[in-house]
Amino acid sequence: MTTLLNDSVALGGRKGGSGETLQIRGGHPLSGTVDVKGAKNLVTKAMVASLLGDTASILHDVPDISDVAVVRSLLEVHGVRVQDGDAEGSLVLDPRDVESAHMEEIDAHAGASRIPILFCGPLLHRLGQAFIPDLGGCRIGDRPIDFHLDALRKFGAVVEKLPSGIRLSAPGGLHGANIHLPYPSVGATEQVLLTAVRSRGVTELKNAAIEPEIMDLIAVLQKMGAIISYEPNRVILIEGVDDLRGYEHRAIFDRNEAASWASAALATDGEIFVGGAKQQEMLTFLNIFRKSGGWFDVREDGILFRRGGDLRPVVVETDVHPGFMTDWQQPLIVALTQATGESIVHETVYENRFGFTDALNKMGAKIAVHPHGLQNGVRRVPRRTLEQAAVITGPTPLTGADITVPDLRGGYSHVIAALTAEGTSTVRNVGIISRGYEKFFDKLTGLGADFDVVG
Ligand code: UD1
């Protein structure tokens, strides 16, 4: 069994501490090249998909991040043999000996991840039952997985809530279903895909998410023998088949990591070439990047990002694809603190994604968060009750501070803010950044960042 990656390893083995606290001397541009691998948001799902095959799968361009390590060990507790492939970043996943795992084992390996929920469909097909551990009140209340459970019930699964978690069974097997998602949730769309491909009959999914990572998961499933068609207006049709085989696939690049480095170049007034970044999946980001004063050059093997002049304020609304992704707003906000004028970021996807701005304000930024949103502006999608807005007034020089990372993208933004700021910052709890950024410390070093790992 593989042990979970040590966070400091995934961050890029720099010596000096446990990899949890950085001392950063800011005020210098980040310049150089970083390469991005496969998207976290595809790789972890493609790994789960391997459970559906009756032969081994091979996945290329797998990043060395802790979310991948979590899914790897969850697969292993279910009897999937996971081995490193011949090429760097390749995994071979052999599901021929899949077996039930104990709730405690699943719980121990799940960490804070929501990935166990995506094991349900494949495990119901393979074993007739599945467990989701109770990951704790705020992490797995009914709400964040209600679309998933409703969909699974429509496929014929019996959902039983126990004190220790949720048990699912499918006494009569799973059958195709007509599902209309209340919101185009990425996870719930993946749940339906991973369940429908081997269910009896046809499944029609309405209001599906159509993120590029979902299209790549569809490509993976098609390679396995699934029959999936994508219709206009967010409708996906899946014709169930009896058997699927293993796949070989190179994961789509991580557009979230690419956008993060682009914003880092913008914030620190540097120049970063992101190897492996592609234009198509980043069209919406590139438009906003340009409007805010960024300059980019799309090349055969990646995209070069830097400022094209003074930074300008922008109004952004996060949205499902093809809109501006919620994961892109936090690093961009760091850059917007340096733009002249008032920028507005409407967050429509998650209810609580501006917590990281407190630390930026501590460093001298002027960001006002409106927890119930702002009424101005026309929404592309109907207003959601959870909408929030941040108003960023710039330019504000940032100065070093002692700050603690709250979450993955917020944490990345804190590090970039500290690199933008004059003086020294202490940034705590940076280990969480290893969930989504491979060799983070090495990449920062390669870009000329001046920092020490102190704890
Ligand atoms: C995925 C991505 C994340 C991205 C997000 C939106 C992964 C590992 N993560 O997260 O990076 O920011 O899509 O693009 O792929 N919701 C419910 N009930 C449910 C499911 C979702 O109410 O059963 C709500 C959520 O609370 C949230 C919204 O739907 O407000 C969107 O969530 P969803 O699209 O499911 O995000 P994830 O798949 O978790």
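Residues numbered from 1 in each chain as written. Predicted model: local features only at pLDDT ≥ 70, side-chain atom pairs only at ≥ 80, totals over all residues. Heavy atoms only, no water.

An unreviewed UniProt entry lists the protein under the name UDP-N-acetylglucosamine 1-carboxyvinyltransferase, from Microbacterium limosum. Reading the Catalytic activity (unreviewed entry) entry of the UniProt record for the protein gives the comment "phosphoenolpyruvate + UDP-N-acetyl-alpha-D-glucosamine = UDP-N-acetyl-3-O-(1-carboxyvinyl)-alpha-D-glucosamine + phosphate". Listed under Subcellular location (unreviewed entry) in UniProt, the entry text for the protein is "Cytoplasm". (UniProt positions renumbered as here; feature names shortened; annotations may be inferred.)

A. Layout of the environment of Ala170. The residue Ala170 is located in the loop between β8 (165-169) and β9 (178-180) in this model. In this view, Ala170 contacts Leu124, Gly128 and Gly156; residues no more than four positions away in its chain are not counted. (Helix = DSSP H or I, 4+ residues; strand = E, 2+ residues; numbered from the N terminus. Contact = heavy atoms within 4.5 Å.)

B. Focus on the packing of aromatic side chains. Considering all chains together, one arrives at twelve aromatic pairs under this definition. Between the aromatic rings of Trp261 and Tyr412, the centroid separation amounts to 5.3 Å while the plane-to-plane angle is 80°, which identifies the pairing as edge-to-face. Remark: Tyr412 occurs in helix α13 (residues 408-420) and Trp261 occurs in helix α9 (residues 255-268); sequence separation between them is 151 residues. Tyr412 matches Trp261 in its accessibility class, with the two residues each being buried. Taken together, a centroid distance of 5.8 Å and an interplanar angle of 50° make the contact between Tyr437 and Phe440 tilted. Under the relative-accessibility criterion, Tyr437 is labelled buried at 0%. Judged by relative accessible area, Phe440 falls into the buried class, the value being 0%. Ring-pair connections join several aromatic residues into one group, and the members of that group are Trp261, Tyr412, Tyr437, Phe440, Phe441 and Phe451. A cation over an aromatic ring shows up here: Arg306 above the ring of Trp295, its NZ or CZ 3.9 Å from the ring centre. (Phe/Tyr/Trp six-rings, centres within 6.5 Å; stacked < 30°, edge-to-face > 60°. Buried < 20%, exposed > 50% of the residue type's maximum accessible area, 1.4 Å probe, protein only. Lys NZ or Arg CZ within 6 Å of the ring centre and 35° of its normal.)

C. Structural detail: the packing of α9 against α13. Running from amino to carboxyl end, α9 crosses α13 at an angle of 20°, the nearest separation of the two axes being 9 Å. On the basis of the axis angle, α9 is roughly parallel to α13. Considering only the axes of α9 and α13, their crossing is right-handed. For the pair formed by α9 and α13, the contact residues are Asn256, Ser260, Trp261, Ala264, Ala267 and Thr268 on the first element and Arg409, Tyr412, Ile416, Leu419 and Thr420 on the second. (Axes fitted to C-alpha atoms, helices over the stretch in contact; angles between N-to-C directions. Parallel < 35°, antiparallel > 145°, perpendicular 65-115°, else oblique. Left-handed = near helix turned anticlockwise from the far one by under 90°.)

D. Fine view of the site of the ligand. Within the structure, the ligand sits among 22 residues, and Asp146, Ser185, Val186, Asp327 and Val349 are positioned closest to it. Between the ligand and the protein, one listed contact pairs an oxygen atom with a backbone N or O atom of Gly187 at 2.8 Å. Between the ligand and Asp327, the relevant distance is 2.5 Å, taken from an oxygen atom to a side-chain nitrogen or oxygen of the residue. Put simply, the parts of the chain that give the shell around the ligand at least two residues each are α2 (40-49), α6 (146-154), α7 (186-196) and α11 (326-336). Taken together, the residues of the shell around the ligand break down into nine nonpolar, five polar and eight charged. Two domains share the shell around the ligand, each providing at least three of its residues, namely domain 1 (3-36 + 253-453) and domain 2 (40-250). (Near = heavy atom within 4 Å. Polar contact = N/O pair within 3.5 Å; in protein donor to acceptor, adjacent residues only side chain to side chain. Nonpolar A, V, L, I, M, F, W, Y, C, P; charged D, E, K, R; others polar. Domains from an automatic or database assignment.)

E. Quick look at α2. Along α2, ten of the ten residues are buried, which leaves the element largely enclosed by surrounding structure. Residues of α2 that are buried include every one of Lys40, Asn41, Leu42, Val43, Thr44, Lys45, Ala46, Met47, Val48 and Ala49, and no others.

F. Quick look at the pairing of strand β5 (residues 91-94). Sheet topology note: the strand β3 (residues 57-60)/β5 ladder contains three bridges and is antiparallel. When the bridges of β5 are listed, Ile58 appears paired with Val92. Bridge count between strand β4 (residues 81-84) and β5: four bridges; the pairing is antiparallel. When the sheet's bridge partners are listed, Asp84 is paired in β5 with Leu91. Connecting β4 to the antiparallel partner β5 that follows it, the hairpin turn spans six residues, and Gly89 within it adopts a positive phi of roughly 85°. (Pairing = 2+ DSSP bridges.)

G. Local environment of the sheet that holds strand β11 (residues 227-231). Taken in spatial order, the four strands line up as β9-β10-β12-β11 in an open sheet, and their pairing is mixed. Looking at the sheet topology across the chains shown, the edges are occupied by β9 and β11. Strand after strand, the sheet turns through a mean of 15° between neighbouring axes, direction not considered. Alignment of β9 against strand β10 (residues 202-206), held across three bridges, turns out to be parallel. Residue pairing in the sheet places Asn178 in a bridge with Glu204 of β10. Each of β9, β10, β11 and β12 (235-239) is contacted by α7, which is oriented at about 20° to β12, the strand it contacts most.

H. Region of the structure containing the UniProt feature "binding site: phosphoenolpyruvate" (unreviewed entry) in the protein. Per the UniProt record, "binding site: phosphoenolpyruvate" (unreviewed entry) is annotated on Lys40 and Asn41. Tracing the backbone through its elements, the reader meets Lys40 in helix α2. Lys40 sits in the buried class, given a relative accessible area of 10%. Dropping the residues within four chain positions of it, Lys40 is found in contact with Ile65, Asp67, Asp254, Leu408, Arg409, Arg435 and Gly436. As for its position among the elements, Asn41 is in helix α2. Judged by its relative accessible area of 18%, Asn41 falls in the buried class. Residues contacting Asn41, with those up to four places away along its chain left out, are Glu190, Glu213, Asn256 and Met325.

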